[in-house]
Amino acid sequence: MSENTQWYQVKQNHNLGYKMMFFVLKAFPAVFMRFLAFPIGFFYWAFGRSARRISKDYLLKVGMTLLDDAENPSAVKLPHSTFKHISSFALNLVENVQSWAGKFSFEDVNWQNDDVHDLVANINAGKGTVIVISHLGNAQMMKGLASMGESGTERKMNITTISDAKISSGFNALLNEINPDSSFNLVNSNDIGPETILLLQERLEQGGVVVIAGDRVSAHTDRNIEIDFLGEKARFPYGVFLLIALLNAPTYFVNGLRQKDFSLHPKYDMFVKKNPLDFDCPRKEREARIVQTAENYVDNLEVLTKIHPYQWYNFFDFWAIIE
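Residues numbered from 1 in each chain as written. Predicted model: local features only at pLDDT ≥ 70, side-chain atom pairs only at ≥ 80, totals over all residues. Heavy atoms only, no water.

Draft legend 1. Fine view of the side chain of Asp-317. Looking at the secondary structure, you find Asp-317 in the segment after helix 10 (283-307). Looking at Asp-317, its side chain comes within polar contact range of the side chain of Arg-53, at 3.5 Å. (Helix = DSSP H or I, 4+ residues; strand = E, 2+ residues; numbered from the N terminus. Polar contact = N/O pair within 3.5 Å; in protein donor to acceptor, adjacent residues only side chain to side chain.)

Draft legend 2. Looking closely at the pattern of salt bridges. Scanning the entire structure with this criterion turns up twelve salt bridges. Where Glu-95 meets Arg-258, a salt bridge forms, and the shortest distance between an N and an O atom there is 2.8 Å. Residue Glu-95 is located in helix 4 (residues 82-101), and its partner Arg-258 is located in strand 8 (residues 251-258); the two are separated by 163 residues in the primary sequence. Of the two residues, Glu-95 and Arg-258, neither departs from the other in class, the shared state being buried. Between Asp-118 and Lys-274 there is a salt bridge; the shortest N-O distance is 3.3 Å. In this pair, Asp-118 sits in helix 5 (residues 116-124) while Lys-274 sits in strand 9 (residues 268-274), placing the two residues 156 residues apart along the sequence. You can call Asp-118 partly exposed: its relative accessible area is 33%. Salt bridges linked by common partners bring Arg-53, Asp-57 and Asp-317 together as one network. (Salt bridge = Lys/Arg side-chain N within 4 Å of Asp/Glu carboxyl O. Buried < 20%, exposed > 50% of the residue type's maximum accessible area, 1.4 Å probe, protein only.)

Draft legend 3. View of the pairing of strand 5 (residues 209-213). Counted residue by residue, strand 5 has five buried out of five residues, so it is predominantly covered. Residues Val-209, Val-211 and Ala-213 line one face of strand 5 and the alternating positions Val-210 and Ile-212 line the opposite face, and both faces are buried. One ladder, built from five bridges, connects strand 2 (residues 129-133) with strand 5; its direction is parallel. Bridging from a neighbouring strand, Val-130 pairs with Val-210 of strand 5. (Pairing = 2+ DSSP bridges.)

Draft legend 4. Up close: helix 10. Here helix 10 spans 37 Å end to end across 25 residues, near enough to the 36 Å set by a 1.5 Å rise per residue. Of all the positions in helix 10, only Ile-290, Thr-293, Ala-294, Asn-296, Tyr-297, Val-298, Asn-300, Leu-301, Glu-302, Leu-304 and Thr-305 are classed as buried. (Expected span 1.5 Å × (residues − 1).)

Okay, here's the thing in structure tokens:
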């Protein structure tokens, strides 16, 4: 594996593991499967040399950023354990299955006093909404809860997820097998064009929710935005933020994070940050607002990453700037 490996070059087929966890979850309490996450994490850690290297580099970046920000650097508790980082990822896999199998309680979610009230009001009013997630924390949790009417809203959310179908089609098929009643639609990120934009706008007009990750660059375009993240330039996908501009719907950055990195009975903090910009502007101003939206997203991501560094699940060369 090259030093500049990107996420789409990394084999990400966890479907067999997900399917095994689902069957275990049907037969045993959820806490039993959470115990299993630690030997699974140890296996990934012991045999995943590349993952250990990338984890180590990432944790060093977080540590240096925390020290630079601290008024008293000697009091900073630095994240350093690649084993904890990879074990946290194994717990995240378990949580994904819990979310979609209906064994996750909405009562375990602690909403922050942030823009969640605005988000819920939007959805209750039947307004279309764009949610930008990341691979910090549990990206599947809210989609799983929402698909079962457990989102805390008065309306069941009709969700359209935009992702690379080549990477995620097997996983999405498994999710539909786990929860066939889910209101879950997939749009291939590689096929976004005028017809797709019209389809997404139609779903938004019907009060739907469009979900897309903002921290994965595309394998099919070289157009990205370089933004400072944890002390170094990193690439973020221009296409995601261009799509936000074209859809011009209320947009929120949403992250679900465990309050404690490791717990057999976890509670989750849900963070909702509304993008303050809209795109009701002259065309010449649109480009600046696209870049500013991306920077707003990254600023929010960095704040949360420094709070829960072990819950960052991008195990590839995220900071590699490929010329």
